[in-house]
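Examining the three-dimensional arrangement
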Amino acid sequence: MEIIEKRQNDISIFKVNGRLDSNTSPRFEEKILEAIKNGSNKMIIDFEALDYISSAGLRVINKTTKQLKHIEGMLILCSMQDYIKEVFVITGFDSFLPIVSTCDEALMKF
Amino acid sequence: MNGGKISFEFRSSLSELDKLHRNLEELGKSLGMSKKTIFQINLAIEEVLSNIILYGYTDKAEHWIKITIWDQNRTLNIRIEDDGIPFNPLEAEVPDLECSLEERQIGGLGCHIMKSLMDDIVYKRLGNKNVLTMKKTIQDT
């Protein structure tokens, strides 16, 4: 797994490459917590290059959403492959998380 | 592999997941499985394995988990055997998916995902082993 972090105005964009599983998710969590600590409260996670996610990855997303809510921030997910989106639907995560088709669309939500 | 079985053995460590992913990619390609089916099988197995590795053992010793896979008329059978504490994932508490974000508890999520993705799951405790058999219809590429 590889994470590319970008900042556009005051929005942090994380592009996740590869797999978010029980083995790699702790590193992903560290990266996000670090950004929150450094003052980010608007985040986009771009899943265009994500091949795989398990409950460990969902746990990080859930935790991030909660933390950002406490500091009046927001998390938006974008560009998911269909079979990844299905996992968000099965688990009901799509009911509390904004999921949009493209990164540009996500940027317009802030 | 038609009719034949293949087996993999994994140490009780999360770093073994890379090996699992690689093995399943290869198997999926050799059976002409769609990317989606390979993903769903991989995900179901990871949820079972990570539960065993994180919560299944009461000692610090190294344990082995055996996975056997065979194709039966385009239905993939996956058997997972471990010598951890008795655990039947079919009886795991179903997470409340309707509750608000603040109340949402994450435990049980992995079992819920596994049950949603597989067509059939049977759990047995045989001697000192948990034996879980899952079935999934193969979707062709």
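Our structure is the block above this text.
The rules behind each value
- Residues numbered from 1 in each chain as written.
- Chains lettered and ligands numbered in written order.
- Predicted model: local features only at pLDDT ≥ 70, side-chain atom pairs only at ≥ 80, totals over all residues.
- Heavy atoms only, no water.
- Contact = heavy atoms within 4.5 Å.
- Buried area = accessible area lost by both parts, 1.4 Å probe.
- Salt bridge = Lys/Arg side-chain N within 4 Å of Asp/Glu carboxyl O.
- Helix = DSSP H or I, 4+ residues; strand = E, 2+ residues; numbered from the N terminus.
- Expected span 1.5 Å × (residues − 1).
- Buried < 20%, exposed > 50% of the residue type's maximum accessible area, 1.4 Å probe, protein only.
- Axes fitted to C-alpha atoms, helices over the stretch in contact; angles between N-to-C directions.
- Parallel < 35°, antiparallel > 145°, perpendicular 65-115°, else oblique.
- Left-handed = near helix turned anticlockwise from the far one by under 90°.
- Nonpolar A, V, L, I, M, F, W, Y, C, P; charged D, E, K, R; others polar.
- Pairing = 2+ DSSP bridges.
- Core = buried A, V, L, I, M, F, W, Y, C linked by side-chain atoms within 4.5 Å.

As a further point, take the interface of chain B and chain A. Of the residues lining the interface, 26 residues belong to chain B; the matching set on chain A comes to 26 residues. Summed over both partners, the interface of chain B with chain A buries about 2300 Å², with 58% contributed by carbon and sulfur atoms. On inspection of chain B and its partner chain A, the count reaches 1 salt bridge. Where Glu 86 of chain A meets Lys 36 of chain B, a salt bridge forms, and the shortest distance between an N and an O atom there is 2.9 Å.

For the rest of this paragraph, the subject is helix H2 (residues 55–70) of chain A. Every α-helix winds through 3.6 residues per turn, so residues three or four apart in the chain are directed the same way. Under the 1.5 Å per step criterion, the end-to-end length of H2 of chain A is 23 Å for 16 residues, consistent within 8% with the ideal 22 Å. Those residues of H2 of chain A that fall on the buried side of the exposure criterion are Ser 55, Ala 56, Gly 57, Leu 58, Val 60, Ile 61, Asn 62, Thr 64, Thr 65 and Leu 68 of chain A.

This next bit is on the packing of helix H1 (residues 17–30) of chain B against helix H2 (residues 35–55) of chain B. Residues and elements named next belong to chain B. At a minimum axis distance of 10 Å, the contact between H1 and H2 shows a crossing angle of 150 degrees. With respect to H2, the element H1 is oriented roughly antiparallel. Judged by the twist between their axes, the crossing of H1 over H2 is right-handed. In contact with Leu 17, Leu 20, His 21, Leu 24, Glu 25, Gly 28 and Lys 29 of H1, H2 contributes Ile 38, Ile 41, Asn 42, Ile 45, Glu 46 and Leu 49. Classifying every residue of the contact of H1 with H2 gives 7 nonpolar, 3 polar and 3 charged.

Let's shift gears to the sheet that holds strand E1 (residues 5–11) of chain B. Residue and element names in this part refer to chain B. Pairing is antiparallel across the open sheet formed by 5 strands, whose spatial order is E1-E2-E3-E5-E4. Every interior strand has two partners, whereas the edge strands, E1 and strand E4 (120–126), have only one. For this sheet, the mean angle separating the axes of adjacent strands, direction not counted, is 15 degrees. Sheet analysis places strand E3 (residues 75–82) next to strand E5 (residues 129–137), joined by 8 bridges and oriented antiparallel. Residue Ile 80 lies in a different strand from E5, and its bridge partner there is Leu 132. Where H2 meets the sheet, its contacts fall on E1, strand E2 (64–72), E3 and E5, and the angle it forms with E5 comes to roughly 165 degrees.

Right, let's get into the nonpolar core. Counting residues in hydrophobic clusters, the biggest one holds 64 residues, and the most contacted among them are Phe 47 and Phe 88 of chain A together with Ile 45 and Met 134 of chain B. Per element, the largest residue contribution to this core is 10 residues, and it comes from H2 of chain B. Not counting residues within four places of it along the chain, the set of residues in contact with Phe 47 of chain A comprises Val 16, Leu 20, Ile 53, Ile 61, Leu 77, Cys 78, Ser 79, Met 80 and Phe 88 of chain A. Residues Ile 44, Cys 78, Cys 103 and Leu 107 of chain A belong to the second largest nonpolar core, which totals 9 residues.

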